[in-house]
Amino acid sequence: MKKKKALITGITGQDGSYLTEYLLDKGYEVHGLVRRAAIEDPAHRMSRIYHLLDRLNLHSGLIENYASMYNVVARVKPDEFYHLAAQSFVAESFEDAFSTLHINIFGTLNALSALKELTSDCRFYFAGSSEMFGKAKKSPQNEKTPFYPRSPYGISKVAGFDLTRNYREAYGMFAVTGILFNHESPRRGFEFVTRKITSHAAKIKLGLAKTLTLGNLDARRDWGHSYEYIQQMYAMLQLEEPEDMVIATGETHSVREFCELAFSELGLNWEDYVHVDEKFRRPSEVELLVGDASCAREKLGWKPKIRFKDLVREMVLADYERLKKELSIERGII
Ligand code: GDD
């Protein structure tokens, strides 16, 4: 049987790297669209997929450039397209709203338009976000909850959601949005609060840092594990009918609770090290997110296995082991 072809944007990121492993294991031919700069410096910029490079097909280009997108879709003619690439850091979207809106909205439009022109049978997954709910009118949030985005990033994701729905309705394409709540792992970028906490806790334990400075400790999020979430992206594209879906654990915890747990895993009291600085607060904050994933539970059989406590433990221990190893190499012990 002919191998199925998947094209992934954002393949070098946390979700992209796990999804690549997952699809390769399923026998897919996997293609990725990456920036030229990443290809020039694979050890750093492609560290999450470095171990997979000989099993992948990478194409250089920019998602926000229609010609790049058109050319890669024409070359690959994918069966499934996972559009994960974005300027995904909410705080940065306040600093540079123009780039965030440009990259995120045009990236999605370019992908949908190229698919429509070249291979409209391809199944399309758009990485939506619980940030679209923003200042949510009700909790928990599900597919029927009205959007109220609170950042340029959230606004760009609402636009992507609407574009995806419009291509589905106007052109009959199998195009869906996964409304994923926060999902983390040891591969998470260091600027996001979970990884910032776990990497700093590990540094403090090893004597490499003294303090950790954060913003809003009261913000609450529904945190799941990335590896489980990417499996739901795949499952959404295997359904008979296209449907947008919320993926979440249904549990919510504060940034404070995350700190408490992460530090205590390493035998530390978080209050001795964590400081608050207003500069890490956002001009308009999303205070509370918690998802109702009953639709995914029913249609995909979704049930999170990795709980909050296990997620925090996995992340903090991974950072601790990584730093300990780096220290030993530096000191010539290994
Ligand atoms: N990054 C960061 N750094 N966040 C902080 C800090 C800090 O020092 N201190 C407090 N926070 C709070 C933020 O204000 C926010 O309320 C919460 O921690 C989580 O912030 P992030 O980890 O940056 O994630 P996010 O919720 O804004 O967005 C993430 O999840 C979305 C899904 O809901 C990103 O991955 C988005 O791309 C994703 O769509």
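The preceding data block contains the structure.
Because the structure is a prediction, the values reported are computed rather than measured. (Residues numbered from 1 in each chain as written. Predicted model: local features only at pLDDT ≥ 70, side-chain atom pairs only at ≥ 80, totals over all residues. Heavy atoms only, no water.)

Tallied over the entire structure, the rule returns 17 aromatic pairs. When the centroid spacing of 6.4 Å and the interplanar angle of 85° are considered together, the rings of Tyr22 and Tyr227 count as edge-to-face. You can see Tyr22 sitting in helix 1 (residues 14-25) and its partner Tyr227 sitting in helix 9 (residues 226-237), a full 205 residues away along the chain. Take Tyr22: its relative accessible area is 15%, and that puts it in the buried class. Using a relative accessible area of 30% as the deciding quantity, one classes Tyr227 as partly exposed. By way of ring pairs, the aromatic residues Tyr18, Tyr22, Tyr28, Tyr227 and Tyr234 are connected into one cluster. Here the guanidinium or amino end of Arg123 rests over the ring plane of Phe174, the centre of that ring lying 3.8 Å away. (Phe/Tyr/Trp six-rings, centres within 6.5 Å; stacked < 30°, edge-to-face > 60°. Helix = DSSP H or I, 4+ residues; strand = E, 2+ residues; numbered from the N terminus. Buried < 20%, exposed > 50% of the residue type's maximum accessible area, 1.4 Å probe, protein only. Lys NZ or Arg CZ within 6 Å of the ring centre and 35° of its normal.)

The next subject is helix 12 (residues 308-330). Taking 1.5 Å as the rise per residue, helix 12 with 23 residues should run 33 Å; its terminal C-alpha atoms sit 33 Å apart, in good agreement. Within the span of helix 12, buried status applies to Phe308, Leu311, Val312, Met315, Val316, Asp319, Tyr320, Leu323, Leu327 and Ser328. Positive backbone phi, approximately 75°, marks Gly332, located one or two places after helix 12. (Expected span 1.5 Å × (residues − 1).)

Considering all chains together, one arrives at 21 salt bridges under this definition. One salt bridge in this structure joins Arg313 and Glu265, with 3.3 Å as the shortest N-O distance. Of this pair, Arg313 sits in helix 12 while Glu265 sits in helix 10 (residues 255-265); the two residues are 48 residues apart in sequence, bridging distant segments of the chain. Through salt bridges with shared partners, one network takes in Arg195, Asp319, Arg322 and Glu326. (Salt bridge = Lys/Arg side-chain N within 4 Å of Asp/Glu carboxyl O.)

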